Amino acid sequence: MGRGGYGLARVPVVVRAGAAPLWWLGVVAAGVGAVPDGFTGRRIGVYAGAALFIVTALVVAYSRMKRYDALARVAARAGKHDVLQSRAVTVRNWRRGHRWWLAAAFLAALGSAFAVPVAGGAVLAGAGAGLWAKAARLGRREQDGDVLLWVRVDWLDHGAGAPAGKAVRAFRTTGPVAGDAAPGGARRRTAAAAR
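Note that the structure is a prediction, hence the values are computed from the model and not measured.

## Overview of the pattern of salt bridges
Applying the stated criterion to the full structure yields six salt bridges. For aspartate 69, the salt bridge goes to arginine 141, with nearest N and O atoms at 3.2 Å. Placement of the pair is aspartate 69 in helix H4 (residues 65–73) and arginine 141 in helix H7 (residues 119–145), with a sequence separation of 72 residues. Residue aspartate 69 is classed as buried on the basis of its relative accessible area of 16%. In this structure, arginine 152 and aspartate 154 form a salt bridge, with 2.7 Å as the shortest nitrogen-oxygen distance. By relative accessible area, arginine 152 is classed as buried at 10%. Of the residues examined, aspartate 154 reaches a relative accessible area of 48% and is grouped as partly exposed. Each of Asp69, Arg137 and Arg141 takes part in salt bridges that share partners, so that together they form one network.

What follows is the structure in structure tokens.
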């Protein structure tokens with residue numbers, strides 16, 4: 001970036017970028033996966049899927065949260081020459097960088113239905129729910145601190161993800177009205193939309 005600035009992406013936006021595709025791919029895979037009886041039978045598959053959904057959601061929601069908290073504690077204020085990446089660009093970059101992984105996970109979930117119906121799709125949907133929960137928790141942290149959390153784009157991995165990865169040394173912060181995403185990474189509601 002010019003004059004010593006960096007491109008910055010919102011941390012909760014990066015976290016929740018995969019939530020919707022994982023959720024919907026999981027729902028579709030679970031629905032299609034309910035058709036075959038599989039090796040275990042449909043009833044056992046549904047029960048196993050429900051358990052796997054809950055476990056996956058909890059694991060994803062709470063994984064690496066100590067790392068996120070540590071990076072947030074040492075966050076520095078964003079510089080005046082830093083460039084804030086829009087929510088749409090951040091989401092598009094993540095989804096473009098993970099499109100083949102998402103496709104492979106969806107096909108694997110469909111294939112697993114012939115062994116345990118519904119279970120594979122439930123795992124994908126649970127991962128999506130866990131990402132939403134993690135982004136919401138980061139949003140509460142932003143609201144409590146009255147700041148927004150950002151990460152340098154050049155510190156993200158090759159798929160524009162991993163906002164708490166090894167390459168990330170600290171987050172950046174801005175005031176609560178910067179950028180176009182609300183705390184937690186959702187679309188910021190405009191005054192007109194709120195009425």
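## What about the pairing of strand E4 (residues 148–152)?
Most of E4 is tucked away, with five of its five residues classed as buried. Of the strand pairs in this sheet, strand E1 (residues 7–10) and E4 are connected by three bridges, and their pairing is antiparallel. Each residue of the ladder has a partner; that of leucine 8, found in E4, is arginine 152. Looking at chain direction, E4 and strand E5 (residues 172–174) are connected through three bridges and run antiparallel. When the sheet's bridge partners are listed, leucine 148 is paired in E5 with threonine 174.

## A few points about the environment of valine 177
Among the secondary structure elements, valine 177 is positioned in the loop between E5 and helix H8 (191–194). Take valine 177: its relative accessible area is 70%, and that puts it in the exposed class. Sequence-wise, valine 177 and glycine 165 are twelve residues apart; in three dimensions their C-alpha atoms are separated by 26 Å.

## Structural notes on the packing of H4 against H7
Close contact between H4 and H7 brings their axes to 12 Å; oriented N to C, the two are set at 25°. Classified by the interaxial angle, the pair formed by H4 and H7 is roughly parallel. Seen along the crossing, H4 lies across H7 with a hand that is right-handed. Contacts from Met65, Tyr68, Asp69, Ala72 and Arg73 in H4 reach Lys134, Arg137, Leu138 and Arg141 in H7. Of the residues contributing to the contact of H4 with H7, the split by class is four nonpolar, no polar and five charged.

Thresholds applied
- Residues numbered from 1 in each chain as written.
- Predicted model: local features only at pLDDT ≥ 70, side-chain atom pairs only at ≥ 80, totals over all residues.
- Heavy atoms only, no water.
- Salt bridge = Lys/Arg side-chain N within 4 Å of Asp/Glu carboxyl O.
- Helix = DSSP H or I, 4+ residues; strand = E, 2+ residues; numbered from the N terminus.
- Buried < 20%, exposed > 50% of the residue type's maximum accessible area, 1.4 Å probe, protein only.
- Pairing = 2+ DSSP bridges.
- Axes fitted to C-alpha atoms, helices over the stretch in contact; angles between N-to-C directions.
- Parallel < 35°, antiparallel > 145°, perpendicular 65-115°, else oblique.
- Left-handed = near helix turned anticlockwise from the far one by under 90°.
- Contact = heavy atoms within 4.5 Å.
- Nonpolar A, V, L, I, M, F, W, Y, C, P; charged D, E, K, R; others polar.

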